[in-house]
Amino acid sequence: MNTAVKFSEERLMKVLLAPVVSEKATFIADKYEQVIFRVVKDATKPEIKAAVESLFKVEVESVKVLNRQGKVKRARHGFGRKNSQKLAYVCLKPGQEINFVEEAK
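Bear in mind the structure is a predicted one, so any value in this text is a computation, not a measurement.

J.: Hey, could you go over the sheet that holds strand β1 (residues 16-19) for me, with residue numbers and the actual values?
T.: The four strands lie next to each other as β1-β2-β6-β3, forming an open sheet whose pairing is antiparallel. Lying at the two open borders of the sheet, with one neighbouring strand each, are β1 and β3 (60-68). Put simply, the sheet's adjacent strands are angled 30° from each other on average, direction ignored. Against the sheet, helix α2 (residues 23-32) makes contact with β2 (34-39) and β6 (85-92), and its axis sits at roughly 140° relative to β2, the strand it touches most. With respect to the sheet, helix α3 (residues 45-56) is in contact with β1, β2, β3 and β6, its orientation differing from that of β3 by roughly 125°.

J.: Quick one: what's the story with unusual backbone geometry, residue by residue and with numbers?
T.: For Glu-33, which is not glycine, the phi dihedral falls at a positive 55°. In this structure, Glu-33 sits in the loop between α2 and β2. Assessed through its relative accessible area of 37%, Glu-33 is described here as partly exposed. In the Ramachandran plot, Lys-57 falls in the positive-phi region, its phi being about 55° despite a non-glycine side chain. Here Lys-57 lies in the loop between α3 and β3. Residue Lys-57 is classed as exposed on the basis of its relative accessible area of 68%.

J.: I'd like a rundown of the pattern of salt bridges, residues and numbers included.
T.: Taken as a whole and judged by the stated rule, the model has four salt bridges. With a shortest N-O distance of 3.3 Å, Arg-11 and Asp-42 are connected by a salt bridge. With Arg-11 in helix α1 (residues 9-15) and Asp-42 in the loop between β2 and α3, this pair connects stretches of sequence that are 31 residues apart. A residue is classified by how much of its surface remains accessible, and Arg-11, at 24% relative accessible area, is partly exposed. We note a salt bridge from Glu-59 to Lys-93, for which the minimum N-O separation is 3.7 Å. Of the two residues, Glu-59 sits in the loop between α3 and β3 while Lys-93 sits in the loop between β6 and α4 (100-103), which places them 34 residues apart along the sequence. Judged by its relative accessible area of 34%, Lys-93 is partly exposed.

Conventions we followed
- Residues numbered from 1 in each chain as written.
- Predicted model: local features only at pLDDT ≥ 70, side-chain atom pairs only at ≥ 80, totals over all residues.
- Heavy atoms only, no water.
- Pairing = 2+ DSSP bridges.
- Helix = DSSP H or I, 4+ residues; strand = E, 2+ residues; numbered from the N terminus.
- Axes fitted to C-alpha atoms, helices over the stretch in contact; angles between N-to-C directions.
- Contact = heavy atoms within 4.5 Å.
- Buried < 20%, exposed > 50% of the residue type's maximum accessible area, 1.4 Å probe, protein only.
- Salt bridge = Lys/Arg side-chain N within 4 Å of Asp/Glu carboxyl O.

Worth remembering: the numbers are spatial, not functional.
In structure tokens form, the structure reads like this:
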């Protein structure tokens, strides 16, 4: 079943903000076959799944969402807060992978 049909193409292009490239993200990708994306704050799991499937032409098994609150930081002028983020852990079906290096070419 193609889940991309339920949502508009314009919305799916705006759901994913950026892939998370870090040491932890690389470890999770290797061990659990998951990819981490920063997504817009009002994105839902079905929207994230449809966006990944339509943009990268892969099959998604499941999506887990993490709402990360912004940290409070102290500066010269007092206290401030970093922006909050919403992260999506996308589990791909066995045999599927997203290679960001080749996608950029």
